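Residues per chain are reported as follows:
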Amino acid sequence: MSGTEAAAGTPPRHGPAELVTVAEHRRACLDLVQPLAPLEASLLDALGCVLAEDVVATRPLPAFDNSAMDGYAVRVADVAEATPASPVRLPVVADLAAGSAESMRLAPGSAVRIMTGAPVPPNTGAVVPVEWTDGGVASVEVRHCPAEGQHIRRAGEDAAAGVVVVEAGTRLQPRHVAVLAAVGRARVRVRPRPRVVVISTGSEVVEPGQSLGPGQLHDANGFGLTAAALDLGAQAYRVGVVRDDPAELRRTLEDQLVRADVIVTSGGVSAGAYDVVKEVLHRTGSVGFCGVAMQPGMPQGAGTLGEDRTPLLALPGNPVSAFVSFEVFVRPVLRRLLGEDPEAPDPQRPRVRALAAAAWRSPAGKEQYVRARWWRDGDGALRVEPVSGAGSHLVTALARADCLAVVPVGVDGVEVGDEVECVLLGPAA
């Protein structure tokens, strides 16, 4: 790490009694980052990335009139009198398969056997599905008359040349990749996935799978935060647990700068004697620490490290606090790096308003994030209730929660029937 002066966008340091709002700290975190520079990627590598250009159809889609059915290309006038009781028989003069390059015109009084996707002869009036015929090869018996143009896919009916088929700013899903391939694009310009380095701190923290000694606990934060970054679409790297040793933490941070677009730490940001994250980062002069008026997750830090001013977000160490802090502060930062507007609705985190099915207390001076579950009752109304107490160490409730119920500053309690805003931890059902 280098530099001793505060970097632009570094959150201000506040005294122990001063709290900033959630919105203020989120804005300070967002001010640290800009969308990553676009690069060109193959279609499959671009999956999950945000498109950095409008993609335009350079030719009509489909490019030619083609058959929508396996059947027979006919002139409608030739089969106008066809009925099941009085079918019309026509000679079959050719076969056209999908991919055929044969150029031919349909002579009056004849039919061409044609497969789905094959180009129709220019003067074809309609395609008779094979189910409406006897399936003949040399000649065909037509039992129903199609409407003019029926079962023909016209050139450009999906997209005309020059039309934007996928807009810049779109997070590419499989359906978008299919469209990009359909219009002939093999590579597109996208915002790359941000590289997120996750560091857990604390001499009491050990790797899952290891036996716990007295006073020890397993690293829930490192795995949970890394998984959250991966789930959002980032490239995430979990670093092994760093002990409460300033020199070890300093070395680890310096080593990780080379592969990080953002560093996320957990633990060591309170006012304790062994809060080494705060101790080490204070010395750089470029990371600020503050108390945020929220529950859980009050102690927070944010700033930049190194000559490239790599953003660093320092989260509290309690697992629930770290999880909520990721959702409230880290997630918007990663969305901006990905190229999304963090102020726009998050499609992966829809917000709904639900009626409280239980009462609970809330600290009046803080914005509260309650692990909760929501459902739709028999009348169609949305309901929500907490799944545990407010303790930031009660991590198992995270597995049962499918939303965060948000209680604003100034509200000291929620009563049954009160309307509560809920952040869904997944797409709406």
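It should be noted that the structure appears before, not after, this text.
Residues numbered from 1 in each chain as written. Predicted model: local features only at pLDDT ≥ 70, side-chain atom pairs only at ≥ 80, totals over all residues. Heavy atoms only, no water.

Asks: Even after reading the chapter, I still don't get the sheet that holds strand β14 (residues 195-201), so can you show me in this structure?
Replies: Sheet strands pair via backbone hydrogen bonds, and the direction of the pair is either parallel or antiparallel. Strand order in the open sheet made by the 7 strands is β1-β19-β21-β22-β18-β14-β17, with mixed pairing throughout. Each edge of the open sheet carries a strand with a single partner, namely β1 (19-20) and β17 (235-242). Pairing of strand β21 (residues 299-305) with strand β22 (residues 310-315), which is carried by 5 bridges, proceeds in the antiparallel orientation. Bridging across to β22, Gly303 finds its partner in Leu312. Across the sheet, helix α1 (residues 22-30) lies against β1, β19 (287-292), β21 and β22, angled at about 15° from β21, the strand it touches most. (Pairing = 2+ DSSP bridges. Helix = DSSP H or I, 4+ residues; strand = E, 2+ residues; numbered from the N terminus. Contact = heavy atoms within 4.5 Å. Axes fitted to C-alpha atoms, helices over the stretch in contact; angles between N-to-C directions.)

Asks: Any chance you could explain the side chain of Gln256 here in plain terms?
Replies: Tracing the sequence through the fold places Gln256 in helix α5 (residues 246-256). When its relative accessible area of 12% is taken as the criterion, Gln256 is described as buried. Within the structure, the side chain of Gln256 is placed 2.7 Å from the side chain of Arg259, a separation counted as a polar contact. Not counting residues up to four positions away in its chain, the partners in contact with Gln256 are Val197, Ile199 and Val239. (Buried < 20%, exposed > 50% of the residue type's maximum accessible area, 1.4 Å probe, protein only. Polar contact = N/O pair within 3.5 Å; in protein donor to acceptor, adjacent residues only side chain to side chain.)

Asks: It is not clear to me how the pairing of strand β13 (residues 187-191) should be interpreted in this structure. Could you clarify?
Replies: Residues in a regular strand project their side chains so that they alternate between the two faces of the sheet. The alternating pattern of β13 places Val188 and Val190 on a buried face and Arg187, Arg189 and Arg191 on a face that is not buried. In the sheet, strand β2 (residues 39-42) pairs with β13 via 4 bridges, with the strands oriented antiparallel. Along β13, the bridge assignment pairs Ala41 with Val188. Judged from the 2 bridges that link them, strand β3 (residues 50-51) and β13 form a sheet pairing that is antiparallel. By the bridge assignment for β13, Leu51 is matched with Val190.

Asks: Would you mind showing me how to read the pattern of salt bridges here?
Replies: Counted by the stated rule, this structure contains 25 salt bridges. Of the charged contacts in the structure, one is a salt bridge between Glu53 and Arg185, with a shortest N-O distance of 2.7 Å. Linking Glu53 in the loop between β3 and β4 (55-56) with Arg185 in the loop between α3 (174-182) and β13, this pair joins segments that are 132 residues apart in sequence. The closest approach of N and O atoms between Arg89 and Asp134, which form a salt bridge, is 3.1 Å. Taken together, the residues Arg89 in strand β7 (residues 88-96) and Asp134 in the loop between β9 (126-129) and β10 (139-142) connect sequence positions 45 residues apart. (Salt bridge = Lys/Arg side-chain N within 4 Å of Asp/Glu carboxyl O.)

Asks: Would you take a moment to explain the environment of Arg89 for this structure?
Replies: Using a relative accessible area of 44% as the deciding quantity, one classes Arg89 as partly exposed. As for Arg89 and Asp134, which are separated by 45 residues in sequence, their C-alpha atoms are 9.7 Å apart. In this structure, Arg89 is in contact with Asp134, Ser139, Val140 and Glu141, ignoring residues within four places of it in sequence. Polar side-chain contacts of Arg89 include one of 2.8 Å to the side chain of Ser139. A polar side-chain atom of Arg89 sits 3.3 Å from a polar atom in the side chain of Glu141.

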